[in-house]
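# Analysis of the macromolecular model
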Amino acid sequence: CKHNLLMSPEKKLEKILDINSLMDKTTEEISCLWNEKHKNAVTAIIPSDIWDTLSSRFLEHKTFLLPLPRNQGYEYFVVQFEGKEAHFTSLCNYQVYGENSPECLNLVYYTEILEDKDIVLMLGQYDTNALTYGEASCLSVQLFLYYGVKSEPKKLAHLERFSYNTKEFSNFDL
């Protein structure tokens, strides 16, 4: 995906909001503030135990393919992980442009309040020319289902095949 990871520093929560002001707030209050502040973005509040699963799978399975229902079928999107970010591009663009593919969705995971509040804040920004809010939300939910849910052995098996047994992987299984 088209992003210069070597030149861009890790995104910090303090650039978005005052972290100290969150310390006396409940998870529900933080969630309301986060969602209110980012009405035109995809957001999530992720509990620490789920973050542990997500982040370890991000490291192990750095690239994956996700189907997005569109029109009469599906369009596939490539997701690549770098640090605490997930970068999405369409498979069509990836096949043509490779690493220089235009990014259509970027999910950033902010872990600064993880120790104090046991949550991670996620912010997803998307290209409105490539995706609708619903489509961006669908991709982020799918990512969560494949990478964050421990009780989904079929989905984990897809990740394993994609990463380690590519000859056995079929996009139609997704």
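In the block above lies the structure referred to throughout.
These notes cover the structure that comes with them. A quick note: this is a predicted structure, and the numbers were derived from the prediction, not measured.

Take the nonpolar core next. By size, the foremost hydrophobic cluster in this structure holds 32 residues, and its most contacted members are Phe88, Tyr109, Leu131, Leu143 and Tyr147. Within the residue set of this core, elements represented by two or more residues are β1 (42-47), α2 (48-60), β2 (63-70), β3 (73-82), β4 (85-90), β5 (105-110), β6 (119-126) and α5 (133-147). Apart from residues lying up to four places away in sequence, Leu131 is in contact with Leu68, Arg70, Phe77, Cys104, Leu105, Tyr126, Ala136 and Leu139. Ranked by size, the runner-up nonpolar core spans 13 residues in total, among them Leu17, Ile19, Leu22 and Val108.

Further remarks concern the packing of aromatic side chains. As enumerated under the stated definition, the model contains 13 aromatic pairs in all. Where Trp51 meets Phe58, the ring centres are 6.1 Å apart and the plane angle is 80 degrees; that geometry is what we call edge-to-face. Here Trp51 and Phe58 have matching classes, each one buried. Ring geometry for Phe64 and Tyr146: centres 5.1 Å apart, planes at 55 degrees, overall tilted. Remark: Tyr146 occurs in helix α5 and Phe64 occurs in strand β2; sequence separation between them is 82 residues. Three or more aromatic residues joined by ring pairs form one cluster here, namely Trp51, Phe58, Phe64, Phe81, Tyr109, Tyr146, Tyr147, Phe162 and Phe169. If you follow Lys155 out to its NZ or CZ, it ends over the ring of Tyr146, 4.9 Å from the centre.

The next point concerns the packing of α2 against α5. Contact geometry for α2 and α5: axes closest at 9 Å, N-to-C directions at 90 degrees. In terms of their interaxial angle, α2 and α5 are classed as roughly perpendicular. Where α2 abuts α5, its residues Ile50, Thr53, Leu54, Arg57 and Phe58 lie against Leu143, Phe144, Tyr146 and Tyr147. Considering only residue class, the contact of α2 with α5 consists of seven nonpolar, one polar and one charged.

For the rest of this paragraph, the subject is a negative patch on the surface. Negative charge collects at one region of the surface, where Asp49, Asp52, Glu115, Asp116 and Asp118 lie side by side. Mapped by element, the contributors of at least two residues to the negative patch are α2 and α4 (114-117). Inspection of the secondary structure puts Asp49 in helix α2.

This paragraph deals with unusual backbone geometry. In this structure, Asn71 is a non-glycine residue whose phi angle is positive, near 50 degrees. Among the secondary structure elements, Asn71 is positioned in the loop between β2 and β3. Even without being a glycine, Asp118 presents a positive backbone phi close to 60 degrees. Within the fold, Asp118 resides in the loop between α4 and β6. The partly exposed category is assigned to Asp118, whose relative accessible area is 46%.

Cut-offs and rules
Residues numbered from 1 in each chain as written. Predicted model: local features only at pLDDT ≥ 70, side-chain atom pairs only at ≥ 80, totals over all residues. Heavy atoms only, no water. Core = buried A, V, L, I, M, F, W, Y, C linked by side-chain atoms within 4.5 Å. Buried < 20%, exposed > 50% of the residue type's maximum accessible area, 1.4 Å probe, protein only. Helix = DSSP H or I, 4+ residues; strand = E, 2+ residues; numbered from the N terminus. Contact = heavy atoms within 4.5 Å. Phe/Tyr/Trp six-rings, centres within 6.5 Å; stacked < 30°, edge-to-face > 60°. Lys NZ or Arg CZ within 6 Å of the ring centre and 35° of its normal. Axes fitted to C-alpha atoms, helices over the stretch in contact; angles between N-to-C directions. Parallel < 35°, antiparallel > 145°, perpendicular 65-115°, else oblique. Nonpolar A, V, L, I, M, F, W, Y, C, P; charged D, E, K, R; others polar. Patch = residues over 30% accessible without salt bridge, like charges linked within 9 Å, V, L, I, M, F, W, Y side chains within 5 Å. Areas by Shrake-Rupley, 256 points an atom, 1.4 Å probe, with all protein chains shown as cover. Salt bridge = Lys/Arg side-chain N within 4 Å of Asp/Glu carboxyl O. Lys, Arg positive; Asp, Glu negative; His and termini not counted. Charge placed at Lys NZ, Arg CZ, Asp CG, Glu CD.

These results come straight from atomic positions and should not be treated as a statement about function.
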